[in-house]
Amino acid sequence: TRAALAALIILAALSLVACGDDGGGDDIATDGADTTTTVAATDEVACDDLAAVGATVRLPPGENTAVYVELTNNGTADTALVGASADFAADYELHETAMVDGVLEMQPLDPQRIELPAGETVVLEPGGLHVMAMGLTAQLAEGDVVEVELELDGGCTITIDAEVRAMDLPMDDPAAEGEEPMGG
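Not measured: the values here are computed from a predicted model.

A separate point is the overall build of the protein chain. Within the protein chain, the regular secondary structure consists of one helix and 12 strands. For the protein chain, the α and β elements follow one another from N to C terminus as α-β-β-β-β-β-β-β-β-β-β-β-β. Each of the 184 residues in the protein chain was classed as buried or not, and the buried ones make up 37%. Sequence separation of at least 24 residues holds for 63% of the intrachain contacts in the protein chain that already meet a minimum separation of 6. Only carbon and sulfur atoms are counted for the fraction: they give 51% of the accessible area of the protein chain, which is about 9900 Å².

Structure representation (structure tokens):
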């Protein structure tokens, strides 16, 4: 039984080493839009179980913009998007567009958390859930590709390459003006 216990300890140690961050990340091909998701595995969350497709940043009409992406959790455990960052804006929040008293308003999520259930896809899109980038610190041009880091609960982060694109939004969508409505 000592040999079996020793083998079990060695196997456990090897599996922990295999799950550690080697600093290089794994590349996952996305939807063919010439974007790549770089995944850095950390701690207990399996970042390589998350697939990102169609990452875009809306060509900003003002000082704010939004990041959209389709996220699929191919793993067996639930996780959540809890934050974002990039070098082109000063602040980032997870937002939703919701109908409030007959008016569409963008609102920060409270708590800052978008659930990513195991085996499911969550779409961050205009008129719905999205990452709001506020206080732009760099000028973005259509066709630019920018890196956005997404933080998952448990400390796992992924970096996505998102293409800056002009988007036609309905005029009743608050993002069409690049600003949040008063009180929103």
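This part is about the pattern of salt bridges. Throughout the structure, instances matching the rule amount to three salt bridges. Note that Arg113 and Glu115 form a salt bridge whose closest N and O atoms lie 2.6 Å from each other. Put simply, Glu163 and Arg165 hold a salt bridge, and the shortest N to O gap is 3.5 Å. According to the relative accessible area criterion, Glu163 is partly exposed, its value standing at 22%. Taken together, the salt bridges that share partners define one network made up of Arg113, Glu115 and Asp153.

Looking now at the pairing of strand β5 (residues 79–85). Within β5, five of the seven residues are buried, leaving the element largely enclosed by the surrounding structure. Bridge count between β5 and strand β8 (residues 114–116): three bridges; the pairing is antiparallel. Bridge pairing links Thr79 to Leu116 in β8. Note that β5 and strand β11 (residues 145–152) share four bridges and pair antiparallel. Across the sheet, residue Ser85 finds its bridge partner in β11, namely Glu149.

The description of an aromatic ring pair uses the distance of the two centres, along with the angle that the planes make with each other. Following the criterion strictly, the structure yields one aromatic pair and no others. Here Phe88 and Tyr92 contribute two aromatic rings whose centre-to-centre distance is 6.0 Å and whose plane-to-plane angle is 85°, an arrangement assigned as edge-to-face. Since its relative accessible area comes to 11%, Tyr92 is described here as buried.

Locating Leu94 in the fold gives a position in strand β6 (residues 89–100). Overall, the relative accessible area of 0% leaves Leu94 in the buried class. When the C-alpha atoms of Leu94 and Val82 are compared, they prove to be 7.7 Å apart, with 12 residues separating the residues in sequence. If we skip the residues at most four places from it in the chain, Leu94 touches Leu81, Val82, Gly83, Gln107, Pro108, Leu109, Gln112, Arg113, Ile114, His130 and Val131.

All right, on to a negative patch on the surface then. A contiguous patch of negative charge, built from Asp87, Glu147, Glu149 and Glu151, is present on the exposed surface. Relative to the elements of secondary structure, Glu149 occurs in strand β11.

Another aspect to go through is unusual backbone geometry. A cis amide bond links Asp110 to the next residue, Pro111, at an omega of 10°. Relative to the assigned elements, Pro111 resides in the loop between β7 (103–108) and β8. Phi at Asp101 takes a positive value of approximately 50°, unusual for a residue other than glycine. Considering the arrangement of structural elements, one finds Asp101 in the loop between β6 and β7. Asp101 gets classed as exposed once you look at its relative accessible area, which sits at 78%.

What counts and what doesn't
Residues numbered from 1 in each chain as written. Predicted model: local features only at pLDDT ≥ 70, side-chain atom pairs only at ≥ 80, totals over all residues. Heavy atoms only, no water. Helix = DSSP H or I, 4+ residues; strand = E, 2+ residues; numbered from the N terminus. Buried < 20%, exposed > 50% of the residue type's maximum accessible area, 1.4 Å probe, protein only. Contact = heavy atoms within 4.5 Å. Areas by Shrake-Rupley, 256 points an atom, 1.4 Å probe, with all protein chains shown as cover. Salt bridge = Lys/Arg side-chain N within 4 Å of Asp/Glu carboxyl O. Pairing = 2+ DSSP bridges. Phe/Tyr/Trp six-rings, centres within 6.5 Å; stacked < 30°, edge-to-face > 60°. Patch = residues over 30% accessible without salt bridge, like charges linked within 9 Å, V, L, I, M, F, W, Y side chains within 5 Å. Lys, Arg positive; Asp, Glu negative; His and termini not counted. Charge placed at Lys NZ, Arg CZ, Asp CG, Glu CD.

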